[in-house]
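Coordinate analysis (summary)
Chain residues, written in single-letter form:
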Amino acid sequence: MRLAATPYTRPAPSVGALRSHVAGRTDHLAIDVPAESFVIPADVVSGLGEGNSENGHKVLENMFSLPGGSAPPAINRKDGGAVPIMAAGGEFVVPPEVVAKLGGGDIKKGHKVLDSFVRHVRKKTIKTLKSLPGPHK
């Protein structure tokens, strides 16, 4: 008796919060994301959450109207449109529909807006960390 092979189907592309036991800045998660997505680095997510990545994920989910990190229905494209990447825990994938919306319908402008956002959050986080008092002795 011969068994039929079970066809492998790739999981849907990941968007929203990347929750994992894998530490940020390690890029050990092999995932697919929708083409032209934007990945917000883990340090920026944590900075938005005042040092708490889970809180940072919630801030971004609210900011980009992704309740619970779920993708808008348009992400499930018939043609796939997925790009394989190596990601890290704590990062946040902004889907291309949201990127385009941030750019007023222009995905390239949306990427520039998000690049600027990442730089702004990093500057603010560094400024905040520098102003904190040292450990209590």
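Structure: above.
A few points on the structure. (Residues numbered from 1 in each chain as written. Predicted model: local features only at pLDDT ≥ 70, side-chain atom pairs only at ≥ 80, totals over all residues. Heavy atoms only, no water.)

Our next topic: the overall build of the chain. Looking only at helices and strands, the chain features four helices and five strands. Reading the secondary structure of the chain in the N-to-C direction produces β-β-β-α-α-β-β-α-α. The buried share among the 137 residues of the chain stands at 34%. Across the chain, the fraction of contacts at a sequence separation of at least 24, relative to all contacts at a separation of at least 6, is 71%. Carbon together with sulfur atoms contributes 57% to the accessible area of the chain, which is approximately 9200 Å² in total. (Helix = DSSP H or I, 4+ residues; strand = E, 2+ residues; numbered from the N terminus. Buried < 20%, exposed > 50% of the residue type's maximum accessible area, 1.4 Å probe, protein only. Contact = heavy atoms within 4.5 Å. Areas by Shrake-Rupley, 256 points an atom, 1.4 Å probe, with all protein chains shown as cover.)

The next point concerns the nonpolar core. F38, I40, L60, F64, F92, V94 and L114 are the most contacted members of the largest nonpolar core, which has 18 residues in total. When residues of this core are traced back to their parent elements, those giving at least two are β3 (38-40), α1 (42-48), β5 (92-94), α3 (96-102) and α4 (107-131). Broken down by element, the residue count for this core peaks at five residues, all from α4. Setting aside residues no more than four positions away along its own chain, F38 makes contact with F92, V93, V94, V99, H111, L114, D115 and V118. Counting eight residues, the second largest nonpolar core, distinct from the first, contains V15, L18, L29 and V33. (Core = buried A, V, L, I, M, F, W, Y, C linked by side-chain atoms within 4.5 Å.)

This part takes up the layout of surface pockets. Each pocket or cavity is described by its volume, and for the largest pocket that value is around 230 Å³. Lining the largest pocket are S46, G47, L48, E50, G51, H120, V121, K124, T125, T128 and L129. Broken down by class, the residue content of the lining of the largest pocket amounts to three nonpolar, six polar and two charged. (1 Å grid on protein atoms, 1.4 Å probe; cavity = no way out; pocket = protein on both sides within 12 Å on 5 of 7 lines; lining within 4 Å. Points joined across faces, edges and corners; volume = space filled by probe spheres on them. Nonpolar A, V, L, I, M, F, W, Y, C, P; charged D, E, K, R; others polar.)

Within the open sheet, the three strands sit side by side as β1-β5-β3. Their pairing is antiparallel. Unpaired on one side and paired on the other, β1 (16-17) and β3 mark the two borders of the sheet. Against the sheet, helix α2 (residues 53-63) touches β1, β3 and β5, its axis set at about 10 degrees to β5. The strands touched by α4 are β3 and β5; relative to β3, the strand with the most contacts, the crossing angle is about 10 degrees. (Pairing = 2+ DSSP bridges. Axes fitted to C-alpha atoms, helices over the stretch in contact; angles between N-to-C directions.)

As a further point, take α2. Among the residues of α2, those classed as buried are G56, H57, L60 and E61. Each buried residue of α2 sits inside an arc of 140 degrees when the element is viewed along its axis, so together they form one side. Of the surrounding secondary structure, the elements contacted by the buried residues of α2 are β1, β3, α1, β5 and α4. Where α2 begins, the capping side chain belongs to N52, and its oxygen is found 2.9 Å from the backbone nitrogen of E54. In the segment just after α2, S65 is the residue with positive phi, at about 55 degrees. (Arc of directions from axis to C-beta. Polar contact = N/O pair within 3.5 Å; in protein donor to acceptor, adjacent residues only side chain to side chain.)

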